[in-house]
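# Structural characterization, general
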Amino acid sequence: MAPTTWERKDLLGLEGLSAAEIETILDLAASFKTAPPADDLGGRTVAFIFTEASTRTRSSFEMAAKRLGADVLSFSPVGSSLSKGETLLDTFLNLQAVGVTHFVVRHERSGVLEELAPLLKASVINAGDGWHEHPTQALLDLLTLRDRWGSFKGRKIVVLGDIRHSRVARSNLFALKKLGAKVVFCGPTPLCPDDFSALGATVEHDVEKALKGADAVNVLRLQIERMDQGFVPSLADYALSYQLTPARADLMKPEALVLHPGPINRGVEIASEVADGPRSVILEQVANGVLARMAVLSLCEKGRSLA
Amino acid sequence: MPEQMIVTGGLVIDPARKLEAVRDVLIEDGRISAVAAGLHRKPSLKGVPSIDAKGKWVIPGLVDMHVHLREPGREGDETIATGTKAAARGGVTTVLAMANTEPVCDTPSQLSFLRAKARTDAAITVLFAGAVTLGQKGEKLTEFAKLRAAGAAALSDDGRPLMNAGLLRRALEYAKDLGLLVIDHCEDLSLSNGACVHEGPAALRKGLKGTPWAAETVQVVRDIALAELTGARLHIAHVSAAASVDAIRAAKKRGIRITSEAAPHHFALNDKDLPGYDADWKMNPPLRGADDRLALLAGLADGTIDAIATDHAPHGCAAKSLGMDLAPFGVIGLETSLAVALTDLFHKKVLTRRKLVERLSSGPAGLLGLKAKGTLAPGSDADVVVVDPDAIWTPEAPFLSKSRNTPFAGRRLKGRAVTTLSGGRVVHAL
Ligand SMILES: [Zn+2]
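All of these numbers come straight from a predicted model, not from anything done at the bench. (Residues numbered from 1 in each chain as written. Chains lettered and ligands numbered in written order. Predicted model: local features only at pLDDT ≥ 70, side-chain atom pairs only at ≥ 80, totals over all residues. Heavy atoms only, no water.)

## Observations regarding the overall build of chain B
The cut-off we apply is this: By definition, any uninterrupted DSSP run of H or I lasting at least four residues is a helix, any uninterrupted run of E lasting at least two residues is a strand, and each is numbered from the N terminus. When checking whether two residues touch, look at their non-hydrogen atoms; a contact exists if any pair is within 4.5 Å. The positive count covers Lys and Arg only, the negative count covers Asp and Glu only, and His and the chain ends enter neither. Lysine's charge is taken at NZ, arginine's at CZ, aspartate's at CG and glutamate's at CD.
Each helix and strand in chain B was counted, giving 13 helices and 18 strands. When contacts within chain B are restricted to residue pairs at least 6 apart in sequence, those whose partners lie at least 24 apart make up 74%. Here chain B contributes 54 positively and 48 negatively charged side chains, and the mean placements of these two sets differ by 4 Å.

## Points about the coordination of the zinc ion
Residue and element names in this part refer to chain B. This is how it is decided: Water is not among the atoms examined, so metal sites may look incomplete; donors are the N, O and S atoms within 2.8 Å of the metal, or within 3.2 Å for Na, K and Ca. A 1.4 Å probe rolled over the protein chains alone gives each residue an accessible area, and that area as a share of the maximum for its type sets the label: buried under 20%, exposed over 50%, partly exposed in between.
Around the zinc ion, the protein supplies Asp158 (OD), His185 (ND1) and His238 (NE2) as donor atoms, at distances of 2.0 to 2.3 Å. Ordering the donors of the zinc ion by residue number gives the pattern D-x26-H-x52-H. Pair noted here: aspartate 158 is in the loop between strand S9 (154-156) and helix H4 (165-178) and histidine 185 is in the loop between strand S10 (182-184) and helix H5 (189-192), with a separation of 27 residues, a long-range link. Both residues of the pair, aspartate 158 and histidine 185, count as buried.

## Examining the interface of chain B and chain A
What counts, and what does not: Buried area: the accessible surface (1.4 Å probe) lost by two parts on joining, summed over both. Between Lys or Arg on one side and Asp or Glu on the other, a salt bridge is scored when a side-chain nitrogen of the former is within 4 Å of a carboxyl oxygen of the latter. Counted as a polar contact is a pair of N or O atoms within 3.5 Å, where, for protein atoms, one must be capable of donating a hydrogen and the other of accepting one, and residues adjacent in sequence contribute only when both atoms are in side chains.
Each side of the interface is counted separately: chain B has 17 residues, and chain A has 20 residues. Across the chain B to chain A interface the summed buried area is about 1600 Å²; carbon plus sulfur atoms make up 56%. Of all residues in chain B, Leu204, Arg205 and Tyr277 of chain B give up the largest surface area on contact with chain A, accounting jointly for 45% of the area buried on that side. Along the contact surface separating chain B from chain A lie two salt bridges. Counting across the chain B and chain A interface gives six residue pairs in polar contact (both at pLDDT 80 or more).

## Observations concerning helix H1 (residues 80-89) of chain B
Of all 10 residues in H1 of chain B, seven are buried; the element is thus mostly enclosed. On its buried face, H1 of chain B is in contact with strand S7 (92-97), helix H2 (108-121), strand S8 (125-130), strand S17 (413-422) and strand S18 (425-429) of chain B.

## Quick notes on the sheet that holds strand S1 (residues 45-50) of chain A
Two strands in a sheet stick together by hydrogen bonds in their backbones, pointing the same way (parallel) or opposite ways (antiparallel). All names here are of chain A. Our working rule: Pairing between two strands is assigned when DSSP locates at least 2 bridges connecting them. Geometry is summarised by axes, namely lines fitted to C-alpha atoms with helices restricted to the contacting stretch, and by angles between N-to-C directions that run from 0 to 180 degrees.
In spatial order, the strands read S2-S1-S3-S4; together these four strands make up an open sheet with parallel pairing. Two strands in the sheet have a free side with no partner beyond their single neighbour: strand S2 (71-75) and strand S4 (123-129). Averaged over neighbouring strand pairs, the angle between their axes works out to 20° when direction is ignored. Pairing analysis gives five bridges linking strand S3 (residues 102-107) to S4, with the strands arranged parallel. Of the residues in S4, the one forming a bridge with histidine 107 is aspartate 129.

## A few points about the packing of H4 of chain B against helix H7 (residues 214-230) of chain B
Residue and element names in this part refer to chain B. Heads up, the rule is: When an angle is under 35 degrees it counts as roughly parallel; over 145 it counts as roughly antiparallel; between 65 and 115 it counts as roughly perpendicular; any other value is oblique. Left-handed describes a crossing whose near helix is turned anticlockwise from the far helix through less than a right angle; right-handed describes the clockwise counterpart. Basically, the charged four are Asp, Glu, Lys and Arg, the nonpolar ten are Ala, Val, Leu, Ile, Met, Phe, Trp, Tyr, Cys and Pro, and anything else, Gly included, counts as polar.
At a minimum axis distance of 10 Å, the contact between H4 and H7 shows a crossing angle of 45°. Between H4 and H7, the crossing angle belongs to the class labelled oblique. H7 is crossed by H4, and the crossing has right-handed handedness. Packed against H4, whose contacting residues are Ala165, Leu168, Arg169, Leu172, Glu173 and Lys176, the element H7 presents Arg222, Asp223, Leu226, Ala227, Leu229 and Thr230 at the interface. Of the residues belonging to the contact of H4 with H7, the class tally is six nonpolar, one polar and five charged.

## Side note on unusual backbone geometry
All names here are of chain B. Look at the link from glutamate 102 to proline 103: it is a cis peptide, with omega at 5°. Topologically, proline 103 is positioned in the loop between S7 and H2. Of note, the bond from asparagine 284 into proline 285 is cis; its omega dihedral lies within 30 degrees of zero at 0°. Considering the arrangement of structural elements, one finds proline 285 in the loop between helix H9 (264-268) and helix H10 (290-302). Even without being glycine, arginine 70 reaches a positive phi, approximately 70°. Residue position: arginine 70 is located in the loop between strand S6 (62-67) and H1. Even without being a glycine, glutamine 136 presents a positive backbone phi close to 50°. Within the element layout of this structure, glutamine 136 appears in the loop between S8 and helix H3 (144-149). By relative accessible area, which is 6% here, glutamine 136 ends up buried.

## A short note on the pattern of salt bridges
Residue and element names in this part refer to chain B. For the structure shown, the criterion picks out 42 salt bridges over all chains. Between arginine 222 and aspartate 184 there is a salt bridge, with its nearest N and O atoms 3.4 Å apart. With arginine 222 in helix H7 and aspartate 184 in strand S10, this pair connects stretches of sequence that are 38 residues apart. This pair shows no difference in class: arginine 222 is buried, exactly as aspartate 184 is. A salt bridge links arginine 249 to aspartate 302, with the shortest nitrogen-to-oxygen separation between them at 2.7 Å. With arginine 249 in helix H8 (residues 242-253) and aspartate 302 in helix H10, the pair connects residues that are 53 residues apart, well separated along the chain. According to the relative accessible area criterion, arginine 249 is partly exposed, its value standing at 21%. Residue classification places aspartate 302 among the partly exposed positions, given a relative accessible area of 44%. A cluster of three or more residues bridged by salt bridges with shared partners is formed by Arg31, Lys373, Asp381 and Asp383.

## Considering the packing of helix H12 (residues 337-346) of chain B against helix H13 (residues 353-367) of chain B
Residue and element names in this part refer to chain B. Where H12 meets H13, the axes come as close as 11 Å, and the angle between the chain directions of the two elements is 140°. Every pair of crossing elements has a handedness; the one defined by H12 and H13 is right-handed. Across the interface between the two elements, Leu338, Ala341, Leu342, Leu345 and Phe346 of H12 pack against Arg353, Leu356 and Leu360 of H13. Tallied by class, the residues present in the contact of H12 with H13 amount to seven nonpolar, no polar and one charged.

## Quick notes on the side chain of aspartate 223 of chain B
Residues and elements named next belong to chain B. Tracing the chain through its elements places aspartate 223 in helix H7. Note on aspartate 223: relative accessible area 0%, which makes it buried. Those residues in contact with aspartate 223 that lie beyond four places of it in its chain are Leu168, Asp184, Cys186, Leu234, Ile236 and Ile258.

## A closer look at the nonpolar core
Nonpolar side chains in soluble globular proteins generally cluster together in the buried interior. Put simply, the rule reads: Residues grouped as a nonpolar core are buried Ala, Val, Leu, Ile, Met, Phe, Trp, Tyr and Cys residues, joined through side-chain atoms within 4.5 Å.
Judged by nonpolar contacts, the single largest core of 96 residues is most densely connected at Val95, Val126, Phe267 and Leu345 of chain B. Top element by residues in this core is H12 of chain B. It accounts for six residues. Not counting chain neighbours up to four residues away, the residues in contact with leucine 345 of chain B comprise Phe267, Leu297, Leu300, Ile308, Val340, Val350, Leu351 and Leu356 of chain B. Grouped together as the second largest cluster of nonpolar side chains are 63 residues, Ala175, Phe185, Leu291 and Cys300 of chain A included.

## Re the sheet that holds S8 of chain B
Residue and element names in this part refer to chain B. Overall, parallel pairing links the eight strands, which are arranged S6-S7-S8-S9-S10-S13-S14-S15 in an open sheet. With one partner strand each, in any of the chains shown, S6 and strand S15 (307-308) form the two edges of the open sheet. Both S9 and S10 contribute to a ladder of two bridges, which runs parallel. Looking at S10, one finds that serine 156 is bridged to isoleucine 183.

## Focus on the environment of valine 290 of chain A
Residues and elements named next belong to chain A. Its location among the elements puts valine 290 in helix H12 (residues 282-306). Through-space distance from the C-alpha of valine 290 to that of alanine 198 is 33 Å; in sequence the pair is 92 residues apart. Residues in contact with valine 290, not counting those within four places in the same chain, are Ser60, Met63, Ala64 and Arg67.

Rendered as structure tokens:
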């Protein structure tokens, strides 16, 4: 079983976690591969509050909750009423009152859960907040890499693309640094400002330099609307400089891995040959997502009963 | 018999007269009538009510040239009555109220209404800025001469920048003819666009949209050019960026008539101090980087920054609970400006006590052309503050302001106003 270093009821991000806590989650997630999960969430109810659509993350979480024996409550937020802080708290309190024990929340505002979670008895799990963190996505990335590597020490991981607006990039950075890896952020300056170096990332705007000798690259999705906002002049222009092409992928170590949080814009941030090629572990990531989320739900349930 | 009061035995600090000595201060009919040693022993002054200021400072009341009183339009957040009580508690005896009320203060009748309201409601002196443009829309100039005749103390669209350089040029030219000060909130909206904090590592870490320091500085540099072109006086509100301070310093050296102010939160805090996502820490301009803060300290010390002004901006809890990105900008400051200035400028040896009083009182009084304010010279208004520079206290709700949006709540401060007199009347006493 996992070491008992976990005492939290919530998972709001990876920045505040210790390396040992992150390892605890990964160990438990890995253990689910061989040992079937216990009925850790039997009799519990997990509610989903998503103010942004995300079929992937949501179905992965639902699968995880069901495999742990939980009931699942889907809550459809009505219009924009949830965008106001006090309304969101009311929603939580009401759902908690009818028996919800776990909230899985996706919200378009950074940090929205930090003030709400301490006010609740239920567990709160961040399924992505604004541009801030997406901890379970990073955990499934870590799980995928650790399966291959065993340890992160001395590894070089490139995160490529729209780093500025990416909660995945931040969660990856916070966790990978703690586990001893080197993280290189790469993208055009408007999407990858140099100030990220103050957070512990190596910032590199030349994709060839960034990829040279890397152990893995995590390619981020480029939101098409960034073009209208003036962050990139055109998709083609972005692709010319930053698309992960087969030639660029070959600059990495021969055994290096390609990750992508999906959904993929084929031919924009990544070439199809690479996305479907031998280095790609994109579908492994999806499978590991369920395991990582099971581990988080299960640990937060234990933390909740401690509190 | 005139109505008299005497403040005895305090260290009188009056930068306007380069006076720093233990003196008694005699007040008669709302004005300072004498400042001298041993007045209280005079037989003719036996029995006059007195305030013992031994071991304390006695300084001219603070002049805060940048406050928002929210009346009319948002009386739930603040009124002239509550805002001026808060001011009195903080040792502030004169405020300049900005024009971004609802409706905007852009007509003589609006100004007259506000001045009448202040005569009945205010605990201290309230001056009013008139808007530079109608409705603060940045399109058409207001009637400057009529506004001045109705008692406008300055002109400002604060809350919004004057984005149109051609319009600002004309505003400066008309204001110069009338002797009015134009105060500009410098922010290039195409650079600040939707941001809620300073652009830098702290914003990146939290995933919040930041505004770069350059959003301020490009406008400051433009304003300097227009002040030079027109020869008019131009005052830069709430300077926050190091590059702005450098530009203003260089402009002053070249004799351009530009002045500036800094707010206590900007010189006491930086963006790394921001705890989590608490919108009580959201203001415009935002808390900048550590180097920007140091540049403000240097600017305050060498006089590049002429005045300390709070940008007191009350917002109720409901609005501030909307979260960092949606909540309105602004923090309150009237009850803490003197204490923060003492803590972070005097006790940390950034400013001498005389320079501190200059930035808080005589400096801004001079910018607004107030002859009877910002000094304890005989004949001036008896706006007097007794200060305990060493009192340790922690600002906490309830505040006298109707709002409580301040980053200084719970922070240990050293120094505060013990007694505040406005026009010879006690308006605050601990
Ligand atoms: Zn302003």
